[in-house]
Amino acid sequence: MSDQSRYNPDWRPANAGKEFATKVVRGKPFVAPTTPIHAEKKEFSVDELFAGLKKYDRSILAQAITLIESSSAKHSEKASQLLNKCLPEVNNSIRIGISGVPGSGKSTFIEALGLYLIENGHRIAVLTIDPSSSVTKGSILGDKTRMEKLSKEENCFIRPSPSSGTLGGVTRKSRESIRICEAAGYDIILIETVGVGQNEITVRSMVDFFLLIQIAGAGDELQGIKKGVIEISDAIVVNKADGDNKSKTLLAKTEYNNALHYLQPATKGWKTEAYTCSSITGEGIAEMWSVIKKFESITKSNNYFWERRKEQSIEWTFSMIENSLKEAFYSNPLIKAKMQEVKNSVWKGEILPSTAAEVLLDIYNSSRQ
Ligand SMILES: Nc1nc2c(ncn2[C@@H]2O[C@H](COP(=O)(O)OP(=O)(O)OP(=O)(O)O)[C@@H](O)[C@H]2O)c(=O)[nH]1
Ligand SMILES: [Mg+2]
C-alpha cells in the first residue's frame, strides 16, 4: 500500500468505483479495496451495542436492527443475546400502528405528528413495514424524503423496510426491532404499513393503538374499504382536510362515525371514532395525539393495555416457533435437494399435494433422527 493510501483518509485507487485496482505487490496480485480500510464498519460486541443504545447512538441502533434482521446463523446467537439484554428494559412506550391505502398520507401524517411530539419532549422511532413492496413496487421508497424534516431531528430514528428480497424477515423481526428501539430510549414507536393484504392484521398484533388513515372520496367511502380493517382500528382519521377538500372530509367523517356505530370496537372499553386532520397544515394533529393519550389512560386503568401486551407476547412466542420450524425445514439440505422434483411432480399432476407434503415431511423427519 502506498504511503498516500495509508495516511490520506480520502485516498481511493485511481479506478475506484469501477473495478478493483489490481497490481503486483511483492510478487502477488494486490487487490486494493475501493474504499479505505479504516472505513469498514467495526463489528461491535453485544455489550458495545447495548452500551451504544443506552447512549442514544443512532448508528449503533441501526446496526443493532441490522443484526436482528439478519437471517445468517452467525448473527442469530448474537442477536438473541442482545435482545435478551434489551427485553427487561422497561420504558413507558406506546406503540402505534398507522395504516391506510397508498397515498393516503401516512408518511406525511407521521412527519407532522412526529415533529409535534418531539417538540413536546418525546423521542420517536418510525419503522415501516411493507411486505407488499414486491407488489406495489416499494411505495415506501420515498419515505426518507417525505419525512425529510423529521429525519433531521436528533430525537427521531427512522428505519425504512429493507428491500423486498427480505420480505419475510421484515415482519418476522419487527417485534424485535420495536423492543430494541424502546431499549434505546424511544418512547413512541410509530409503525407505518401499507393497507394491503395481511399487513394490518400483522401490525395490529404488535401495537397498542391502531390508526387507520383514510381520504375522502365522493361520498362513497364505505364501499372501497374493507370492514375488517375498520374493526381492528382504534381511530379513523380522514386526512387531507384542507383547502377545497375540507367539506368532503367532514362528510366522510360523519359517514364513518355512522358505520362505526354498528361495529364492535377493536379495544375493550374504548369507542372507535372518526376524526379529520390535515398533515400539511397540522390541523387536527394535536387532537389525534390527545385521542391516543386518552386511549392509553383508559386502557391502562382497565388493564386492557397490559392484557393485550401479554397476549401479544404469547403470539410472538408462537410466531417465533413457527418461523424457526419453517426455517429449519426449508434450509434442510435434503429438503432443498428434493424440493424441485416434488414441485415438478405436483405441477404435472403426477402426485397429489397431500402426498407431496408427506414425502417432504418424511424426508425432513427422518433426517432428524
Ligand atoms: N393536501 C394534502 N395533501 C397531503 C396531506 N397528507 C399527505 N398529502 C399528500 O399526499 C401524497 C401522499 O402522501 P404520503 O405521505 O407519501 O402517503 P403515504 O400514505 O405514506 O403513501 P405510501 O407510503 O406510498 O403508501 C403526497 O403528495 C402528500 O404531500 C394532507 O393532509 N393534505
Ligand atoms: Mg408512506
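Residues numbered from 1 in each chain as written. Chains lettered and ligands numbered in written order. Predicted model: local features only at pLDDT ≥ 70, side-chain atom pairs only at ≥ 80, totals over all residues. Heavy atoms only, no water.

## Quick notes on the site of ligand 1
(1) Moving on: Surrounding ligand 1, one finds 18 residues, the nearest of these being Lys106, Thr108, Arg146, Asp242 and Ser279.
(2) Moving on: Contact between ligand 1 and Asn239: a nitrogen atom at 3.1 Å from a side-chain N or O atom of the residue.
(3) Moving on: Burial of ligand 1 by the protein amounts to 77% of the accessible area it has alone, namely 650 Å².
(4) Moving on: The element best represented in the shell around ligand 1 is helix 5 (residues 106-119), accounting for three residues.
(5) Moving on: Residues belonging to the shell around ligand 1 are distributed by class as follows: four nonpolar, nine polar and five charged. (Near = heavy atom within 4 Å. Polar contact = N/O pair within 3.5 Å; in protein donor to acceptor, adjacent residues only side chain to side chain. Areas by Shrake-Rupley, 256 points an atom, 1.4 Å probe, with all protein chains shown as cover. Helix = DSSP H or I, 4+ residues; strand = E, 2+ residues; numbered from the N terminus. Nonpolar A, V, L, I, M, F, W, Y, C, P; charged D, E, K, R; others polar.)

## Here we look at the coordination of the magnesium ion (ligand 2)
(1) Moving on: Coordination of the magnesium ion (ligand 2) by the protein involves Ser107 (OG) and Glu192 (OE), with metal-donor separations of 2.1 to 2.3 Å. Placement of Ser107 in helix 5 and of Glu192 in strand 6 (residues 188-194) is noted, with a sequence separation of 85 residues between them. The two residues Ser107 and Glu192 agree in class, both being buried. (Donors = N, O, S within 2.8 Å, 3.2 Å for Na, K, Ca; no water. Buried < 20%, exposed > 50% of the residue type's maximum accessible area, 1.4 Å probe, protein only.)

## Describing the pattern of salt bridges
(1) Moving on: Taken as a whole and judged by the stated rule, the model has 11 salt bridges.
(2) Moving on: With its nearest N and O atoms 2.7 Å apart, the salt bridge here joins Arg95 to Glu182. With Arg95 in strand 3 (residues 94-100) and Glu182 in helix 9 (residues 167-183), this residue pair connects regions lying 87 residues apart in the sequence. Taken as a pair, Arg95 and Glu182 share a single burial class, namely buried.
(3) Moving on: The partner of Glu341 in a salt bridge is Lys338, with the nearest N and O atoms 3.1 Å apart. With Glu341 and Lys338 both in helix 15 (residues 333-348), this residue pair falls three residues apart, about one helical turn. (Salt bridge = Lys/Arg side-chain N within 4 Å of Asp/Glu carboxyl O.)

## Some details on the sheet that holds strand 9 (residues 273-276)
(1) Moving on: Here we have seven strands laid out as an open sheet, ordered 5-4-6-3-7-8-9, and parallel in their pairing. Edge strands, defined here as strands with exactly one partner in the open sheet, are strand 5 (156-159) and strand 9. Neighbour-to-neighbour, the strand axes of the sheet open up by a mean angle of 20°, direction not taken into account.
(2) Moving on: Examined bridge by bridge, strand 4 (residues 124-129) and strand 5 share four bridges and lie parallel to one another. Bridged to Val126 within strand 5 is Ile158.
(3) Moving on: In the packing of helix 12 (residues 246-260) onto the sheet, contacts are made with strand 7 (209-215), strand 8 (235-239) and strand 9, and the angle to strand 9 comes to roughly 175°.
(4) Moving on: Taken strand by strand, helix 13 (residues 285-301) contacts strand 3, strand 6, strand 7, strand 8 and strand 9, and its axis lies near 130° from that of strand 3. (Pairing = 2+ DSSP bridges. Axes fitted to C-alpha atoms, helices over the stretch in contact; angles between N-to-C directions. Contact = heavy atoms within 4.5 Å.)

## Observations regarding the pairing of strand 4
(1) Moving on: Counting buried residues along strand 4, six of its six residues qualify, which places the element largely inside the surrounding structure.
(2) Moving on: Residues Ile124, Val126 and Thr128 line one face of strand 4 and the alternating positions Ala125, Leu127 and Ile129 line the opposite face, and both faces are buried.
(3) Moving on: As paired strands, strand 4 and strand 6 are joined by six bridges and run parallel to one another. Within strand 6, the position partnered with Thr128 by the bridge is Glu192.

## With respect to the confidence of the model for the protein chain
(1) Moving on: Taken residue by residue, the protein chain gives an average pLDDT of 82. The fraction at 70 or more is 78%.
(2) Moving on: Here helix 1 (residues 3-7) stands out as the least confident element of the protein chain, with mean pLDDT 41; helix 13 is the most confident, with 97.
(3) Moving on: Note on residues 1-26: pLDDT under 50 across the span, and 33 contacts to partners over four residues away in sequence or across chains.
(4) Moving on: Contacts for the low-pLDDT stretch residues 163-169, under 50 throughout, to residues beyond four places or in other chains number six contacts. (pLDDT = per-residue confidence, 0-100.)

## Looking at the packing of aromatic side chains
(1) Moving on: Evaluated as defined, the whole model comprises six aromatic pairs.
(2) Moving on: Look at Phe305 and Trp306: their rings are 4.8 Å apart centre to centre, the planes differ by 75°, and that puts the pair in the edge-to-face class.
(3) Moving on: Ring-pair connections join several aromatic residues into one group, and the members of that group are Phe209, Trp270 and Phe295.
(4) Moving on: Note that Arg123 overlies the ring of Tyr186, its terminal NZ or CZ placed 4.2 Å from the centroid.
(5) Moving on: Seen from the ring of Phe305, Lys300 lies directly overhead, with NZ or CZ sitting 4.7 Å from the centre. (Phe/Tyr/Trp six-rings, centres within 6.5 Å; stacked < 30°, edge-to-face > 60°. Lys NZ or Arg CZ within 6 Å of the ring centre and 35° of its normal.)

## Concerning a nonpolar patch on the surface
(1) Moving on: The grouping of Ile314, Phe318, Ile321 and Leu325 at the surface amounts to a nonpolar patch, some 410 Å² of accessible area in total.
(2) Moving on: Inspection of the secondary structure assignment puts Ile314 in helix 14 (residues 304-331). (Patch = residues over 30% accessible without salt bridge, like charges linked within 9 Å, V, L, I, M, F, W, Y side chains within 5 Å.)

## A few points about the state of the cysteines
(1) Moving on: This structure, assessed with the given rule, holds zero disulfides.
(2) Moving on: Here Cys181 is not cross-linked by a disulfide; its sulfur's nearest cysteine counterpart is in Cys86, at 9.8 Å.
(3) Moving on: On the basis of relative accessibility, which here comes to 0%, the residue Cys181 falls in the buried class. (Disulfide = S-S within 2.5 Å.)

## Things to note about the side chain of Gln312
(1) Moving on: Tracing the chain through its elements places Gln312 in helix 14.
(2) Moving on: Side-chain polar atoms of Gln312 contact the backbone oxygen of Val207, separated by 2.9 Å.
(3) Moving on: Excluding residues within four positions of it along the chain, Gln312 makes contact with Arg95, Arg175, Arg204, Ser205, Met206 and Val207.

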